[in-house]
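Structure assessment
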Amino acid sequence: MLHNNEKLQHVIDHICANGCEHVKEVIEILERHENSPETSPLSAQETELVLLELKAIMAVYEQK
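First things first, this report covers the structure right here in the doc.

Thresholds applied
- Within each chain, residues carry numbers counting from 1 in the order of the written sequence.
- Where local features are concerned, this predicted model is filtered to residues with pLDDT of at least 70; where side-chain atom pairs are given and counted, the filter is 80 or more; whole-chain, interface and lining totals use all residues.
- Excluding hydrogens and water, the side-chain values take into account all heavy atoms of the structure.
- Here the nonpolar core consists of buried residues drawn from Ala, Val, Leu, Ile, Met, Phe, Trp, Tyr and Cys, with membership extended through side-chain atoms lying within 4.5 Å.
- In this scheme, a residue with accessible area under 20% of its type's maximum is buried, one over 50% is exposed, and one in between is partly exposed, where area comes from a 1.4 Å probe on protein chains only.
- Strands here are runs of E lasting at least two residues and helices are runs of H or I lasting at least four, both read from the DSSP assignment and numbered beginning at the N terminus.
- What makes two residues a contact is simply this: any of their non-hydrogen atoms within 4.5 Å.
- The axes are straight lines fitted to the C-alpha atoms, using for helices just the contacting stretch, and the angles between their N-to-C directions are given from 0 to 180°.
- Oblique is the label for any angle not covered by the other classes, which are roughly parallel (under 35 degrees), roughly antiparallel (over 145) and roughly perpendicular (65 to 115).
- Throughout, a crossing is termed right-handed when the near helix is turned clockwise from the far one, and left-handed when it is turned anticlockwise from it by less than a right angle.
- Gly counts as polar in this scheme, as do all residues outside two lists: the nonpolar Ala, Val, Leu, Ile, Met, Phe, Trp, Tyr, Cys and Pro, and the charged Asp, Glu, Lys and Arg.
- Under the rule applied, a polar contact is a pair of N or O atoms within 3.5 Å (in protein, one hydrogen donor and one hydrogen acceptor; residues adjacent in sequence only if both atoms are side-chain atoms).

**Some words on the nonpolar core**
- With 14 residues, the main nonpolar core has Ile15, Val23, Ile27, Leu30, Val50 and Leu54 as its most contacted residues.
- Mapped by element, the contributors of at least two residues to this core are helix 1 (6–17), helix 2 (20–31) and helix 3 (44–63).
- Those residues in contact with Ile27 that lie beyond four places of it in its chain are Leu51, Leu54, Lys55 and Met58.

Following this line, the structure appears as structure tokens:
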């Protein structure tokens, strides 16, 4: 988790608050090296961290 980075955690929380389908859409957008509205203010490195965290979150749900 990104507990040490409040800005990124806030972005991730905002994305996740919109549901799994939205998270999947954002992952697809970020994998195309594009920005979602939530990630547009972030640097490329921050966006990559958000993508990795979203994938990790969704992996937990997909195991169920």
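**So, the packing of helix 1 against helix 3**
- The geometry of helix 1 relative to helix 3 is characterised by a closest axis approach of 10 Å and an angle of 45 degrees between their N-to-C directions. In terms of orientation, helix 1 lies oblique with respect to helix 3. Regarding helix 1 and helix 3, the two cross each other, and that crossing is right-handed. Each of Lys7, Leu8, Val11, Ile12, Ile15 and Cys16 in helix 1 lies in contact with helix 3, whose residues at this interface are Glu46, Leu49, Val50, Glu53, Leu54 and Ile57.
- Each residue belonging to the contact of helix 1 with helix 3 can be placed in one class, and the counts come to nine nonpolar, no polar and three charged.

**Some words on the side chain of Thr39**
- If you trace the backbone, Thr39 turns up in the loop between helix 2 and helix 3.
- For Thr39, a relative accessible area of 0% translates into the label buried.
- Among the polar contacts listed, one links the side chain of Thr39 to the side chain of Asn35, at a separation of 3.1 Å.
- Excluding its chain neighbours within four sequence positions, the residues that come into contact with Thr39 are Val11, Ile15, Leu30, Thr47 and Val50.

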